[in-house]
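Spelled out, the chains give:
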Amino acid sequence: DELMIEREIEIIKRYPCEEKSALEVGCGSGLSTEKLRRLFRDLEIIEPSSKNIALLRRRVPDAICHNVLLEDFRAKRKYDFIFFLNVIEHVEDPIAALKILAQLLKDEGLAFISAPNCMSLNRRAGYKMGLLESYDQMAPKDHEVGHRRLYTVDMLTDHCNQGGLKVLSMKGMYLKPLSEAQMIELGDKAVRAFYALGEDVPQLCASLLAIVTKKHY
């Protein structure tokens, strides 16, 4: 997870962040927030879990947090950047959530949306080996962490489109030909190389990162 976040941040840093406003929707343990805070002095966070906010406070004590669900957030402004990283697969109604993000985004602003890819290389191999009944079959780990769905490039693009967002770029986050345990055995240098290699082949990667803007403004 830490390497995935590092890779997401590397891509985010390619865009002009200085003096921009940002909103992170869902902070988890605060690892991504800690890294985003180094890029954005003007950063707010929406997080419905008090437990997660407590974890975040250990990393970023002065973070501006709103302890609400996205649909209950009452914003007083719009944002240049919105980060919806590894969250969309958890929400009950992803298209409704994306519509809210579109409303919160400034004209010509950018949102970054990441999600697990059910058509990843390792899942394709698992299907061919008979370990999965279908590409979108969720593993026990998916259920443990509260995933409601897995995505494909087309599905994420379609959900963004229905949510009033236009996909400018779709990045692959981790070209993963083997199981996580097998990948770790290859060593940190090899794993980082596969993260970088995956950027231009999102349809084969473990995770997708959509960079989007408002469809209409």
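Residues numbered from 1 in each chain as written. Predicted model: local features only at pLDDT ≥ 70, side-chain atom pairs only at ≥ 80, totals over all residues. Heavy atoms only, no water.

### Details of the pattern of salt bridges
One pass over the full model with this rule turns up 15 salt bridges. One salt bridge in this structure joins Glu6 and Arg192, with 3.1 Å as the shortest N-O distance. With Glu6 in helix H1 (residues 2-12) and Arg192 in helix H9 (residues 188-197), the pair connects residues that are 186 residues apart, well separated along the chain. Exposure remark for Arg192: the relative accessible area of 38% places this residue in the partly exposed category. Arg7 is paired through a salt bridge with Glu199; the nearest N and O atoms lie 2.6 Å apart. One end of the pair, Arg7, is in helix H1; the other, Glu199, is in the loop between H9 and strand E7 (207-214), and 192 residues separate them in sequence. Via salt bridges that share partners, Arg7, Glu10, Arg14, Lys171 and Glu199 belong to a single interconnected network. (Salt bridge = Lys/Arg side-chain N within 4 Å of Asp/Glu carboxyl O. Helix = DSSP H or I, 4+ residues; strand = E, 2+ residues; numbered from the N terminus. Buried < 20%, exposed > 50% of the residue type's maximum accessible area, 1.4 Å probe, protein only.)

### Side note on the environment of Arg37
Within the secondary structure, Arg37 is located in helix H2 (residues 31-37). The spacing of Arg37 and Ala210 is 173 residues in sequence and 21 Å in space, taken between C-alpha atoms. Arg37 has contacts with Leu43, Val60, Asp62 and Ala63, leaving out every residue within four places of it along the chain. A distance of 3.2 Å separates the side chain of Arg37 from the side chain of Asp62, its partner in a polar contact. (Contact = heavy atoms within 4.5 Å. Polar contact = N/O pair within 3.5 Å; in protein donor to acceptor, adjacent residues only side chain to side chain.)

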